[in-house]
Amino acid sequence: MAILVCGGAGYIGSHMVKLLLEKGKEVIVIDNLQSGHRIAVDLGAKFFLGDLRDEKFMDIIFSENKIDGIIDFAADSLVGESMINPIKYYENNMMGTTSLLKFMVKYKVKNIVFSSTAATYGEPKNIPILETELTIPTNPYGETKLGVEKLLKWCELAYGIKYTALRYFNVAGAYPTGEIGEDHNPETHLIPIVLQVALGKRENVGIYGTDYNTPDGTCVRDYVHVMDLVDAHMKALERLENGGNSEIYNLGNGEGFSVKDVIESSREVTGHPIPAILSERRAGDPSILVASSEKAKKELGWEPQYTTVKSIIETAWKWHKSNPEGYKK
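Residues numbered from 1 in each chain as written. Predicted model: local features only at pLDDT ≥ 70, side-chain atom pairs only at ≥ 80, totals over all residues. Heavy atoms only, no water.

All right, on to the sheet that holds strand β5 (residues 111-117) then. To summarise the sheet geometry, strands pair through backbone hydrogen bonds and adopt either a parallel or an antiparallel arrangement. With parallel pairing, the seven strands of this open sheet are ordered in space as β3-β2-β1-β4-β5-β6-β10. Of all strands in the sheet, those with a lone pairing partner are β3 (46-49) and β10 (247-251), marking the two edges. Averaged over neighbouring strand pairs, the angle between their axes works out to 20 degrees when direction is ignored. Alignment of β5 against strand β6 (residues 162-168), held across seven bridges, turns out to be parallel. By the bridge assignment, S115 is partnered in β6 with L166. (Pairing = 2+ DSSP bridges. Helix = DSSP H or I, 4+ residues; strand = E, 2+ residues; numbered from the N terminus. Axes fitted to C-alpha atoms, helices over the stretch in contact; angles between N-to-C directions.)

This is how it looks when you write it as structure tokens:
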């Protein structure tokens, strides 16, 4: 009985595949390699190059393999891009998972763990953010993820599919040995951008706004290590396999780290001065976004192992220092 990982060649997906294989699971990966890396899953998983929306392709996957559960990471995830090309996000994020669910119904696969996002909340009124917070997305990326969450609810009622949706915050870090890690083009995440300065690939890092109502005036975000994140996916899948009900969980450290915290910790880890340029605020950047993960801790038995931003950056630096150009093309 195999676990199907959709988007398994991506940053988070590849770490999920590695963990599943370490747990002795049979793993099948689907990825169209739009942003993933084939080399990241040369680990023993069965790999299929294709798109969730290709029905002939999907029929082959499901008919030729006995799939017991699904973990779905396949999505476009750039907030800015979603604002200028919303059709792309609706087509890929919503139609991709809709197609996947169609084949789950056809082949009677009953369990799915869905990779959702804190962007479903928009600009929350309460910090830390609980799962009961209003979901009012402010961009098409968050809207499409919320749309899939709602579809999952109706699919449970109609077809008996059990689901767990995991809303997570800023994912960072790499596999502890540095074997696999984060490689995006373009790079939009703060920690790899800061580390690119340490590698000499950028001259400086920008700090957008120093007058927020936070301890040091810069934005505060909740960072969760990629290995802690995939551990939560594993626990969510096991809970469903053991008859658990459908649920939505936040995943974060429950503690915020500011932009200046990230830069200063990166200086300590890399030994590089990492010049920073102060700039005006960017429109739409909330001052603080921090999750409450108490529900996941209580119901999934999840406990993050990387609880400081420095420990997260140390693993990211091991990967980036060994692979300054990312995966070999």
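With that out of the way, let us pick up the pattern of salt bridges. Under the defined criterion, the tally for this structure stands at 16 salt bridges. Between E179 and K18 there is a salt bridge whose closest N-O contact spans 3.2 Å. Of the two residues, E179 is situated in the loop between β7 (170-172) and α6 (190-198) and K18 in helix α1 (residues 11-22); the sequence distance between them amounts to 161 residues. A salt bridge links D231 to K235, with the shortest nitrogen-to-oxygen separation between them at 2.9 Å. You can see D231 and its partner K235 sitting in helix α7 (residues 226-241), four residues apart, about one turn around the helix. (Salt bridge = Lys/Arg side-chain N within 4 Å of Asp/Glu carboxyl O.)

Scanning the model with the defined rule gives three aromatic pairs in all. The rings of F62, F103 and Y107 are connected pair by pair, giving a single aromatic cluster. When the ring centre of Y175 is taken as origin, the NZ or CZ atom of K18, which lies over that ring, is 4.7 Å away. (Phe/Tyr/Trp six-rings, centres within 6.5 Å; stacked < 30°, edge-to-face > 60°. Lys NZ or Arg CZ within 6 Å of the ring centre and 35° of its normal.)

With that settled, consider the nonpolar core. One finds I12 and I191 to be the most contacted residues of the largest nonpolar core, which totals 65 residues. Take this core: its biggest share by element is nine residues, from α7. Leaving out residues up to four positions away in the same chain, I191 has contacts with A172, Y223, V262, I312, I313 and A316. One finds L52, F57, I61 and F114 within the second-largest nonpolar core, a separate group that totals 29 residues. (Core = buried A, V, L, I, M, F, W, Y, C linked by side-chain atoms within 4.5 Å. Buried < 20%, exposed > 50% of the residue type's maximum accessible area, 1.4 Å probe, protein only. Contact = heavy atoms within 4.5 Å.)

Quick look at the side chain of T315 now. With respect to the element layout, T315 can be found in helix α10 (residues 309-322). According to the relative accessible area criterion, T315 is buried, its value standing at 8%. A distance of 2.9 Å separates a polar side-chain atom of T315 from the backbone oxygen of I312. Non-local contacts of T315, meaning those with residues more than four positions away in its chain, are made with G173, A174, P176, H225 and Y306. (Polar contact = N/O pair within 3.5 Å; in protein donor to acceptor, adjacent residues only side chain to side chain.)

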